[in-house]
Each structure stands twice: as structure tokens, then as C-alpha cells.
Number of protein chains: 2
Amino acid sequence: MSQTPKQSAEHPVPTSADVARLAGVSRATVSYVLNNTSAVRISEPTRRRVREAAEELGYVPHAAARSLRAGHTRMVLLPAAHVPVGPLYSRFFNELQWALRRLDYTVVQYGSLGLDGDEAARAWAELRPVAVVSLGEVALTPHGVGVLKRSGAKAVITLGPERVEGAHSLVMDQREVGGCAAAHLIGRGYRNIGVLMPDEPGLELFSRPRLEGATEAAMRTGARIEPLTMSYDEESAAALAADWRGLGLDAVYAYNDEYAMLLMRALQDEGVAIPRETAVMGADDLLLGKLLRPRLSTVQIDLVTGQRLAGLVDRVVRDPGAEPERHDLMRARAVHRESS
Amino acid sequence: MSQTPKQSAEHPVPTSADVARLAGVSRATVSYVLNNTSAVRISEPTRRRVREAAEELGYVPHAAARSLRAGHTRMVLLPAAHVPVGPLYSRFFNELQWALRRLDYTVVQYGSLGLDGDEAARAWAELRPVAVVSLGEVALTPHGVGVLKRSGAKAVITLGPERVEGAHSLVMDQREVGGCAAAHLIGRGYRNIGVLMPDEPGLELFSRPRLEGATEAAMRTGARIEPLTMSYDEESAAALAADWRGLGLDAVYAYNDEYAMLLMRALQDEGVAIPRETAVMGADDLLLGKLLRPRLSTVQIDLVTGQRLAGLVDRVVRDPGAEPERHDLMRARAVHRESS
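By convention here, each chain's residues receive numbers from 1 onward along its written sequence. Lettering of chains starts at A and numbering of ligands starts at 1, both following the order in which they are written. Given that the model is predicted, a residue must reach a pLDDT of at least 70 before its local features are reported, and side-chain atom pairs must reach 80 or more before they are shown or counted; all residues, however, enter totals for whole chains, interfaces and linings. Here the side-chain values reflect all heavy atoms present in the structure, with hydrogen atoms and water set aside.

1. Some thoughts on the pattern of salt bridges
Opposite charge on two side chains permits pairing when their charged atoms draw close. Residues and elements named next belong to chain A. Put simply, the rule is: The rule for a salt bridge is simple: a side-chain nitrogen of Lys or Arg has to be within 4 Å of a carboxyl oxygen of Asp or Glu. Numbering of helices and strands starts at the N terminus; helices are DSSP runs of H or I of at least 4 residues and strands are runs of E of at least 2.
According to the stated counting rule, one finds 28 salt bridges over all chains in the structure shown. With a shortest N-O distance of 3.3 Å, arginine 315 and glutamate 325 are connected by a salt bridge. You can see arginine 315 sitting in helix H13 (residues 306-318) and its partner glutamate 325 sitting in the loop between H13 and strand E11 (326-328), a full 10 residues away along the chain. It is possible to trace a salt-bridge network through shared partners that takes in Asp173, Arg175 and Glu216.

If you want it as C-alpha cells, here you go:
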């Protein structure tokens, strides 16, 4: 096995041997200097010579070689999102990246589009991350968690609707969101409640448990829950609105604020009075929901902070033998405005 | 240098040697089978034995070791977005991932939050990607492009407001968007045009050239351009709206549809008639912009397709010596609705 990447005639890839030659030192010295090893005493002029030689040749260390030598990486693997990411999630994600970087981890996102849980776990394991934080894009199984741990991952943390055996699980039970929306509507006297299910692929992970939560909340009260399907486009909203009065509904929980805004406008265009004839409820507490008239009622969802999640990653990496923990994170509350 | 990651007592990491022992074959055979090397003839029963042994032990190949052996990877590195990602971009991004996967590349996103262009290039180079597609999150310099190429990257492609020397550049000149918005407003008779600059960090990359484009379009006509600052919150919009009449503006291009919706509502709440007293224009052609009344005029922006970008990546990887190309991609057109 060769440590040196193949060289092409056009772009010869400089190696640590080239740096050592130019600086007049050993390869070991190059490695010590560029990896900032403090265990070995090397004079400042030598360090400078090595850095200048590396700069001149355009040499950068090979992360793979380094991680093979060290037997592990500081890489935290986060699967990349493959559904549209709203401002809430984006802020959480930036916070998480910053906090992990401050703890000296490298954050790598890895596309897992089209892979099932076990395929994804295998692909991730090949990168030998020290930690994997799965944000629910892929349904990781206990088998997948085992694959990752056997490949050397010290922390496997899942953030999603359900606990995954063997992993530290941050459970965000989406049923809470639907339950909260339905309870709000029932509390305000509505009894025939539509629950909108987006037709777009990838969102069932959220929409199905939200429907379940609404159904559970209604069962205790005798209210009726009616699942409805709509795509995120004006035609689909208009078609649903055209048949609205035949459905016999007095309220609708429309998945999130964007779908709710779209449906509310379509209902208004059909002459349906909001909330007198039909109450409308979204979720996510988007700023834009306050711009329509009537102002949209919503469910506010608290995400875990990136800071806190980064702290958990670091704690588990340092103590990988600890029993997997389960934390329930979902905090949802109804925000009453004018549409309900 | 050891090829074997360090083992802990709790989670011994299975190696290819363990698989070889269990299957009763050589390590080379394990490597041939698990990397699907077709150059070597190995009987189907042996292949099966190796696969079963790997499965039983939970062994997965080490991507780093494999890329060191091969001298290169099939990794395409995409810097991770660190500003909120809208539905347009998200769709483009998924398409790109799918298309690259079909071409047998692995897509890795890498957080580069807080790094400047050269720091980011160095961090990316350490991963030895075969291709880097920089989507404008980081201002890659010609020096950074050189670092990446010398580390073995065969394709360095930038997608952003400007050409980067040495890289294949897909130039999306954001000035087009601002120019298009201003030209639309001027064409409809407005002469005193505010241009909204979001106060949020990270958006200057888009907002500054959009302002430039608007200014250039106005210069040819004698219309006045007035830069304005606003944060994406109701308080900031209300403060701007409260002083609106003192500004002497008859139109505003408000960066994008979200800012435009927020400002338009604040102006309406101040009693400013849209578009009679002030025309409002957004950009991005969001579905939600059609839900307000009056319906929001906007600039529709065509993104390059993920499919096409993946094709370019593959073409450059196969022919890395080709002269860097520059493609101008921005296609923007004004969509007139009711607010202008």
C-alpha cells in the first residue's frame, strides 16, 4: 500500500517527502510541525522553515492518512438535509456547526438521499467518523447503529420522532405538534377538523405522526378528524377549496404555516370566511404567517439548541461506554392569532 | 504507519484481517471482493464467504485506506450552505446529488462557516476530493484553487457572482437581478427607487451586486436609487415604514420576496397605498408572494439544473487539463403582478 497519491503529469501532488527535502528535515519533523504536535520539541526556525516549504509547494496534509495514523478522526458526520430547510432549522444547524468547531471537531455532511437506514450507516461507517448525529433524514436502525459503533464511532446520536436502540436518542415526537394544534381547535369549539397531509415526498416523516397526534387528541373529545391531501401549489389548493363546503369541516390544521397560508388564501378566494366558516391553523410560527389577514394561528416548536447538542456529542465521545440516554425534546405550544 | 484503527476494549473494530481469518482467505482476496474488483477472478462461493464473514463481523471498508490505496477518491465536495436555504435551492441541490450519485460519485458537504477562502480551500484539500463545487458560500481565490488542484482535485468549479481564475466558473451575476427589478420599475414610470439591503450577515454576497445592478440600470435613465437597510423582523420593517413618507420614494425593490412581503405589510399598516403611493418588487418568484394582496411583483431567476452541473463535474474530472471555462448562467426576468 502506497501512502502517496498517484501523480499526474499535469498536477504533481506534493507530498510530505517533498516538503522534507525542501526544508532539509525528516518526514517525521514535517508531520510533527504540520500537525502541531506539542509532544516533540522543535525549534521555531525549523517550524518556520517547514511551514514555508509547505506553503511554497502547496502541500496540505492528507486527512485520510492522518486519521489512519491516529486510528480515529475528529470528524462528526451529519447527514445532509434533503428536504427544504427553513430558517429555524438553518439557524440551529449553524449553531451546531459553530459549537462543534469550538470543541475542535470537523463537521462533515454526507448526502444520504435514496439510501435506506442500513445502507446509509454502512456508507457513513466507511468514513470512520468519531460521532454521527442523525437528524431524522434517514431511519437509522439498531443494526445500523451497531455497524457505526463497530467501525469506531464513539457517539451515535439520533434526533427524530422515535428512539433508536443503542443510540443516544433525542426524541422529537411530532405527534405533539398535531396534538397541540387539534387541542387548540377543539378548545375553541371546533368539532370537524381537517388535517392536511402534504403530497410532497419526504414529508411523511413529519406529517404522519402529526396526524396521529391530532387523532389521539380528538378521540378523547368526540371531535372528528378528516385527513386531506394537498400539494404545495396553487392548483392543488384551489381544487381542495372548490370542494370545501362539501366536506363539512369547521376547522383545518394545515401541516405547517406555508401550506396553511396557501390553503387559507384559496379558501378566501372561494368566499369561505376565516375563521367564521372555517378556522385555519399552521405550525412553525413563521414570520410570514403574521402578514396575511386574518393573522395565522400556529404551533410554535422549540428546537434543541445547537450548543446543547454539541455538548452532548462531546460528552458521549469522551465516555462512549455510557448507557444510551433518551431525552424528550419536543416543546410545542399553540399560538392563537386571528385565523382560529 | 498502521493501517488498523486503534481498538478499544468496548468496541473492537473489525479489520479486513479478521474477515480474512473468518473466511479462510487472504487479506488481498477480502479487498478484491469488497471493492468489487473485476480484474481478479474469484469464484462466487469465495465471494459469498467473504461477504458473509464481513457481514457477521460488521466489517466495512475504510474509505480513507481505500482512497490512499487508489490515490484518489470519487468524492465530490460541496461546501454546506450556512444561510437559510429556500425551496428553489433545495430542489437544485437534491437534483445535483442524485445526478452525481448516478455517475458513481460520493457527495460530501463540508461546513466552512467562519473560514476565509484560503482556509477553506486548505481544509477541503485535506480530504483529497476528486472535485470541488463551490456554491459561493466561500469566496474561493485563485490561490485556493491552486491548493485544491495540487492536492489532486481534478475539477474545481465555482458557482457565484464572479469568475475565479483557474476554476471552471459558472457565473451568476446577481447584478442582473437588481438591474432587472430596477428596469421594470423605471419602465413603469417610477423615478425614486429604494433598494433594500438585508441587515443579516452573509447576504451581502447577493445584496451588494443586486444594488449595483439597480444603480447601473438607473444611471442610464436619471432615476434615483436609494439604499435602505432592514432586518428580517417586524420591528425593523415597522420602523422603516414609519419614516417612509419622508424618504420621497415612489418604489422599492426589496431584495427578495420574503423581505418584500414583510415591508409591504408594514407599509400597508402605515396606510401607504401599494402600488399607488409606492410600488413594491421582490425577487425569487416565491409561491407565497402570490398570496398577499396586492399580488407581489417579482424577479424570476433561473438556476442551472443539478443535472447539467453534474455533467460538467464529470466532464472536467475526465479531462482535467482542459482550459477553465466561463459560463454565464444568470437568467432573470421581471414578473409583473399587482404591486408595481
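Here the narrative resumes.
2. What to know about the sheet that holds strand E7 (residues 224-230) of chain A
Residue and element names in this part refer to chain A. In plain terms, the rule: Strands were regarded as paired on the criterion that DSSP finds at least two bridges between them. The axes are straight lines fitted to the C-alpha atoms, using for helices just the contacting stretch, and the angles between their N-to-C directions are given from 0 to 180°. Contacts: residue pairs with any heavy atoms within 4.5 Å of one another.
If you trace the four strands from one edge of the open sheet to the other, you get E7-E6-E8-E9, paired in parallel fashion. Looking at strand neighbours, the two that pair on one side only are E7 and strand E9 (279-281), the edges of this open sheet. Taking the axes of each pair of neighbouring strands and ignoring which way they run, one obtains an average angle of 25 degrees across the sheet. Across three bridges, the pairing between strand E6 (residues 192-198) and strand E8 (residues 251-253) is parallel. In the sheet register, valine 195 faces E8, and the bridge partner there is tyrosine 253. Across the sheet, helix H8 (residues 175-187) is in contact with E6, E8 and E9; its angle to E8 comes to roughly 165 degrees.

3. Some thoughts on the side chain of B:Thr158
For the record, the criterion: For each residue, the accessible area found with a 1.4 Å probe, counting protein chains only, is set against the maximum for its type, and the residue is called buried under 20%, exposed over 50%, and partly exposed in between.
Relative to the helices and strands, B:Thr158 resides in strand E4 (residues 155-160). Under the relative-accessibility criterion, B:Thr158 is labelled buried at 4%.

4. Let's talk about the environment of A:Thr221
Residue and element names in this part refer to chain A. Structurally, threonine 221 is set in the loop between helix H9 (204-219) and E7. Exposure remark for threonine 221: the relative accessible area of 37% places this residue in the partly exposed category. Considering only alpha carbons, one finds threonine 221 and isoleucine 186, 35 residues apart in sequence, at a separation of 8.0 Å.

Shape descriptors only; they carry no functional weight alone.
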